[in-house]
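# Per-entry structural report
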Amino acid sequence: MRADRLVATLLLLQARGRVTAADLADELEVSIATARRDLEALSAAGIPVYPQPGRGGGWSLVGGARTDLSGLSAPEAQALFLLVGPAAAVSDEAKTALRKLVQALPKTFRADAETAASATMIDSTRWGERERHRPARIDELQTAIVRQRKVRLVYANSKSQRSERLVDPWGLVDKDEVWYLVAGTANGQRTFRVDRMLEAEQTDEPSTRPDDFTLAEAWKQVVGEVEERRSRTWATLTIETRFVPILRNHFGRHCHVEHDENGRSRVRVGAPTPLDIARNLAGWGSQVEVLDPEPVRTRLARIGSELATVYRER
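Throughout what follows, the structure given in this document is the object of discussion. (Residues numbered from 1 in each chain as written. Predicted model: local features only at pLDDT ≥ 70, side-chain atom pairs only at ≥ 80, totals over all residues. Heavy atoms only, no water.)

### Observations concerning the overall build of the chain
When you go through the chain residue by residue, the secondary structure sums to 11 helices and 12 strands. Per-residue burial for the chain yields a buried fraction of 38% across its 314 residues. For the chain, long-range pairs separated by at least 24 residues make up 60% of all intrachain contacts whose partners lie at least 6 apart in sequence. For the chain, the exposed area adds up to about 18700 Å²; of that, 48% sits on carbon and sulfur atoms. (Helix = DSSP H or I, 4+ residues; strand = E, 2+ residues; numbered from the N terminus. Buried < 20%, exposed > 50% of the residue type's maximum accessible area, 1.4 Å probe, protein only. Contact = heavy atoms within 4.5 Å. Areas by Shrake-Rupley, 256 points an atom, 1.4 Å probe, with all protein chains shown as cover.)

Right, dumping it as structure tokens:
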């Protein structure tokens, strides 16, 4: 949940006392599903927000409408700022919203809230990697999604082939610091990497989105399809059991231990092609024995022969 939207949701709850997901969606210019998820996120984080079903129901802060955040206990205030603090690092607007929220707290809570807000940071760069930066185009795309406007894209695919298309932007996903746009096109739902967008221009044409669309479900489908492509080839191998955690780190979800015996494990690993598996296993040398399939064994033998030729003592 974005920090600025979280603050706006809380302030709206205080001002009105009770709101429905539809009210919140209309006020914040998001979908009803997004508004409902935001309210549920607040509740899950320990903020005293609860739903009331039936006619005249909605979501309320415990104790009714307030003009400040005095209804939060110290633990609840800390829970809020632990949640929103790391998210506020993404923009100056979010930092401003966070400062305003701190000032809305009772004085006795402010010091702890400020400490909680700075108690956690997110460093998504792996060891040895170059520092990654949030693409500048993200803000433009977020605006188009919220305003429900079509976007004209000039896009380069994985083969650097350029194309231009008009899309309905439905949602953005940050996957390990690689951003993706889930969008509707003339050919149905598609996913675009933001770093492959050469141009992205918001138009004045209203966008459309299926009534039953949720970003979480759409992304779950994308992940399933991608992971299936990433594991079209499977190999069976044996390795010392103590090295299995390292193998799991290499192959992730495409590594399954079948059984352990006498300090060695029989493992199944998957990758797009036999060559991909061979390249990942070649550095293990004789510590790994591939039992099948034959194409992986053949490629490993070829890699070994090539290395022996290059590094043979003269």
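### What to know about the pattern of salt bridges
Within the structure shown, the criterion is met by eight salt bridges. Of the charged contacts in the structure, one is a salt bridge between Asp195 and Arg193, with a shortest N-O distance of 2.6 Å. Residue class for Arg193 comes out partly exposed when judged on its relative accessible area of 24%. Note that Arg266 is salt-bridged to Glu258, the shortest N-O span being 2.9 Å. Here the salt bridges do not stand alone but share partners, grouping Glu227, Arg230 and Arg253 into one network. (Salt bridge = Lys/Arg side-chain N within 4 Å of Asp/Glu carboxyl O.)

### Re the side chain of Thr185
Along the chain, Thr185 falls in strand 6 (residues 178-185). Every residue in contact with Thr185, bar those within four places of it in the chain, is listed here: Val167, Arg190 and Phe192.

### Some points on the pairing of strand 5 (residues 162-175)
Pairing between strand 4 (residues 149-156) and strand 5: six bridges, direction antiparallel. Residue pairing for strand 5: Val151 is matched across the bridge by Val167. Between the antiparallel neighbours strand 4 and strand 5 lie five residues, among them Ser160 with a positive phi of about 65°. Sheet topology places strand 5 next to strand 6; seven bridges connect them, and they run antiparallel. (Pairing = 2+ DSSP bridges.)

### Comments concerning the packing of helix 10 (residues 274-281) against helix 11 (residues 294-311)
With their axes 8 Å apart at the nearest point, helix 10 and helix 11 run at an angle of 50° to one another. Judged by the inter-axis angle, helix 10 sits oblique to helix 11. In this structure, helix 10 crosses over helix 11, and the sense of that crossing is right-handed. Contact with helix 10, carried on its side by Pro274, Leu275, Ile277, Ala278, Arg279 and Leu281, involves Pro295, Val296, Arg299, Leu300 and Ile303 of helix 11 and no other residues of that element. (Axes fitted to C-alpha atoms, helices over the stretch in contact; angles between N-to-C directions. Parallel < 35°, antiparallel > 145°, perpendicular 65-115°, else oblique. Left-handed = near helix turned anticlockwise from the far one by under 90°.)

### What to know about helix 7 (residues 137-147)
Within helix 7, burial applies to Ile138, Leu141, Gln142, Ala144 and Ile145. When helix 7 is viewed along its axis, its buried side chains cluster within an angular range of 160° and face the same direction. Those residues of helix 7 that are buried lie in contact with strand 4, strand 5, strand 6 and strand 8 (197-206). (Arc of directions from axis to C-beta.)

### Details of the sheet that holds strand 6
Judged by pairing direction, the sheet is antiparallel, and its five strands sit side by side in the order 7-6-5-4-8 without closing on themselves. Both outer strands of the open sheet, strand 7 (188-193) and strand 8, are each paired with one neighbouring strand and no more. Between one strand axis and the next, the sheet turns through 45° on average, direction left out of account. Set on the sheet, helix 7 makes contact with strand 4, strand 5, strand 6 and strand 8; between it and strand 8 the angle comes to about 20°. On top of the sheet, helix 8 (residues 215-229) reaches strand 5, strand 6 and strand 7; it is set at about 105° to strand 5, its chief contact.

### Topic: the packing of helix 2 (residues 21-28) against helix 3 (residues 32-44)
A pair of packed helices is captured by two measures, namely the crossing angle of their axes and the spacing between those axes. Close contact between helix 2 and helix 3 brings their axes to 8 Å; oriented N to C, the two are set at 110°. In terms of axis orientation, helix 2 runs roughly perpendicular to helix 3. Taken together, the residues of helix 3 that come into contact with helix 2 (itself represented by Ala21, Ala22, Leu24 and Ala25) are Ile32, Ala35, Arg36 and Leu39. Among the residues forming the contact of helix 2 with helix 3, the class breakdown is seven nonpolar, no polar and one charged. (Nonpolar A, V, L, I, M, F, W, Y, C, P; charged D, E, K, R; others polar.)

### Structural notes on the environment of Glu177
Positionally, Glu177 belongs in the loop between strand 5 and strand 6. Residue class for Glu177 comes out partly exposed when judged on its relative accessible area of 23%. Through-space distance from the C-alpha of Glu177 to that of Arg132 is 7.2 Å; in sequence the pair is 45 residues apart.

### With respect to a nonpolar patch on the surface
A cluster of nonpolar side chains, namely Leu307, Val310 and Tyr311, defines an oily patch on the protein surface of about 350 Å² accessible area. Here Leu307 lies in helix 11. The class for Leu307 is partly exposed, based on a relative accessible area of 46%. (Patch = residues over 30% accessible without salt bridge, like charges linked within 9 Å, V, L, I, M, F, W, Y side chains within 5 Å.)

### Notes on the sheet that holds strand 9 (residues 233-240)
Each strand in a sheet pairs with its neighbour through backbone hydrogen bonds, running either in the same direction (parallel) or in the opposite one (antiparallel). An order of 10-11-9-12 is seen for the four strands of this open sheet, with the pairing classed as antiparallel. Lying at the two open borders of the sheet, with one neighbouring strand each, are strand 10 (255-261) and strand 12 (288-292). Between one strand and the next, the sheet's axes are offset by a mean angle of 25°, whatever the strand orientation. Pairing between strand 9 and strand 12: four bridges, direction antiparallel. Looking at the pairing, Leu237 lines up with Val290 of strand 12. Packing of helix 9 (residues 244-251) onto the sheet brings it into contact with strand 9, strand 10 and strand 11 (264-271), and relative to strand 11 it is tilted by some 5°.

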